[in-house]
Structure formats: C-alpha cells, structure tokens
Amino acid sequence: QMSNGSSITQFLLLAFADTRELQLLHFWLFLGIYLAALLGNGLIITAIAWDNHLHTPMYFFLLNLSLLDLGSISSIVPKSMANSLWEKRAISYPGCAAQVFCFLFFIVGEYCLLTVMAYDRYVAICNPLHYGTLLGSSACAKMAAAAWGSGFINAVLHTANTFSIPLCQGNAVDQFFCEIPQILKLSCSDSYLREVGLLVVSLSVALGCFVFIVLSYLQIFRAVLRIPSEQGRHKAFSMCLPHLAVVSLFASTAMVAYLNPPSISSPSLDLVVTVLYSVVPPAVNPLIYSMRNQELKDTL
C-alpha cells in the first residue's frame, strides 16, 4: 500500500504457504505451539508464585524467564496465526513497529536473564557459602531489573533507529514477523548503516554475555568434577543442565538465523531457522526446566 509514492502505511509479511490447506496447517501448528507455551509457562509462574518453598533466587529467575518467554512468543505468533487464518499478509506500520519493539524487548531481556542465571548457578556450586550474601533478595531483584531494563533500552534504540530510516524498496518483509534485518533491506540509502552499527554493538554485547556463560560453566564443571560423591555430582549436574540446554537451544538457533552465509540461505530454510529461535524455545523451556526438577514437579 504505497501512498504519495513514498510513505508506507503497512507492510506485507511473508506468508507461510500459498495453498489454503497449508495455511490452515500452519495455523493449527502455531496454535499448538502457542498453547503449549502458554500452558507450560503459566504453570511455572503459578507454581513459583504459589509455593513458598520455591521463593529462592533460582526460581525467582525462572519465573522471570517464563514471563519473558510468554512476552516474546505473544508478540509474533498470534499475528502470524491470524494472517494465515484470514488469508492476509498485511501488518500496519505502527503494528510492525510495536512488533519489533516487543520482540526485541523480550528476547534481549531473556538473553540477559540467562546470563544472570549462569551467574546464579556458578555461585551456587562454586561459592555455596557466599550464596546467601551474593544473591540476597535485593541483589536478585536488581539483576532481574537489569535484564528487563537492558531489553527495554535495546528495543527503544533499535526501534527508533530502524523506523526513522526512509524506506523505498517496496513494503514486503521477507519474514513472518517484522524483523529488523528484513526491514533494513527496504531502505533507500546509506542511512541504514547507523542501525547496522547499533546491531554490531548489540551483537558484541551478546557475544560478551555468551563468553561469560561459557566461562561460568567451565568453572562449574571443574567444581562439579571435584565433588567426591557421585550423588553430589549428579545433584549439581541436574541443577545446571536445564539452564545449559536452554542457553544452547537459544544461542545455536539465533546464531544460525543471523550468521548463516547467503550462499546456503534459502527463503524456506530461513523461515524454519527463524521459527526455531523465535517460536520453539518459549514452548520448550518450561518442559526442559520441569523435567529434571523434582521440587517444581511436586508443586505442580
């Protein structure tokens, strides 16, 4: 929809399929994943809020992770489902900006929170005697607030920057939701370089977090392997493995989504990879966390 030759009033999102049967299949598939995410995260939030035994730093961070998961999947999946159901592709300009903002807010917040959770596991296993002092309730609240705040600042900067760039390459976004790299492809001039600069800064921060998580785990594994009893080692591993699994899922799919070379890239592959990093983790995280966790299972 191009009015006055330049100003865009809406964007066209990538449709998952061109036949009605496949569109409906996509709708039902996404509905299933979305309901699983709502149910799983909802149960975890309720269990942790309800049970006083679970009012510990680890579960406090897990509660925040579930809230961020619900936010990130809710900012992209319902719109995509609605478009498939009603055979539409359009998203309004403000809707697109809101989607970019919300998705970034929740996904960056989640990544920062996973970094904080790595620190929590590190202190629990490598400095157990100082756990109470290093992770008191005010420290935990500050760390969680820092994660949410980082997501918010990131989202404000990127959204403001991306949507201030003049766009003149049409209005079709090559993705099932509004994603910054795809919107930048529609820009007219070199003005998108500023946003690319911001993305580079964000990616270096993300890399820093990733390195921090990896180093924390190297320390944790060294400490765990020094535990004399097998039962102790097993307990320590089961405390850490869910978090490690979630981080691996998140980091590997996001890396493939953003760093795959254009030579092997194809629209259908890109679509699958994006679904893997944006839609699958929020539905799978509650499962990963509750499978190995007896306390959580008992409460549920």
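Just so we're clear, the structure is a prediction, and the values are computed from it rather than from any experiment.

Side note on the side chain of Asn 41
If you trace the backbone, Asn 41 turns up in helix H1 (residues 20-50). Those residues in contact with Asn 41 that sit more than four places away from it in its chain are Ser 66, Asp 69, Leu 70, Pro 282 and Pro 286.

So, the packing of helix H4 (residues 93-126) against helix H8 (residues 193-225)
Across the interface, H4 lies against H8 with an axial gap of 9 Å and an inter-helix angle of 20°. Taken together, the axes of H4 and H8 lie roughly parallel to each other. Judged by the twist between their axes, the crossing of H4 over H8 is left-handed. Contacts from Tyr 111, Leu 114, Thr 115, Ala 118, Tyr 119, Arg 121, Tyr 122, Ile 125 and Cys 126 of H4 reach H8 at Ala 206, Cys 209, Phe 210, Phe 212, Ile 213, Ser 216, Tyr 217, Gln 219, Ile 220, Ala 223 and Val 224. Considered class by class, the residues forming the contact of H4 with H8 number 16 nonpolar, three polar and one charged.

Things to note about the side chain of Thr 159
Relative to the helices and strands, Thr 159 is located in helix H6 (residues 137-162). By relative accessible area, Thr 159 is classed as buried at 11%. Look past the residues within four positions of Thr 159 in its chain and what remains in contact with it is Ala 97, Val 100 and Phe 101.

Describing the packing of aromatic side chains
Considering all chains together, one arrives at 17 aromatic pairs under this definition. Each ring, one from Tyr 93 and one from Phe 163, has its centre 5.5 Å from the other, and the planes form 85°; the classification is edge-to-face. With Tyr 93 in helix H4 and Phe 163 in the loop between H6 and helix H7 (180-184), this residue pair connects regions lying 70 residues apart in the sequence. Given the relative accessible area of 24%, Tyr 93 is considered partly exposed. With 5.8 Å between their ring centres and 90° between their planes, Phe 101 and Phe 152 make a pair best called edge-to-face. Highlighted residues: Phe 101 in helix H4 and Phe 152 in helix H6, separated in sequence by 51 residues. A relative accessible area of 22% places Phe 101 in the partly exposed class. Taken together, Phe 30, Phe 103, Phe 176, Phe 177 and Tyr 277 form an aromatic cluster joined through their ring pairs.

Rules of the game
- Residues numbered from 1 in each chain as written.
- Predicted model: local features only at pLDDT ≥ 70, side-chain atom pairs only at ≥ 80, totals over all residues.
- Heavy atoms only, no water.
- Helix = DSSP H or I, 4+ residues; strand = E, 2+ residues; numbered from the N terminus.
- Contact = heavy atoms within 4.5 Å.
- Axes fitted to C-alpha atoms, helices over the stretch in contact; angles between N-to-C directions.
- Parallel < 35°, antiparallel > 145°, perpendicular 65-115°, else oblique.
- Left-handed = near helix turned anticlockwise from the far one by under 90°.
- Nonpolar A, V, L, I, M, F, W, Y, C, P; charged D, E, K, R; others polar.
- Buried < 20%, exposed > 50% of the residue type's maximum accessible area, 1.4 Å probe, protein only.
- Phe/Tyr/Trp six-rings, centres within 6.5 Å; stacked < 30°, edge-to-face > 60°.

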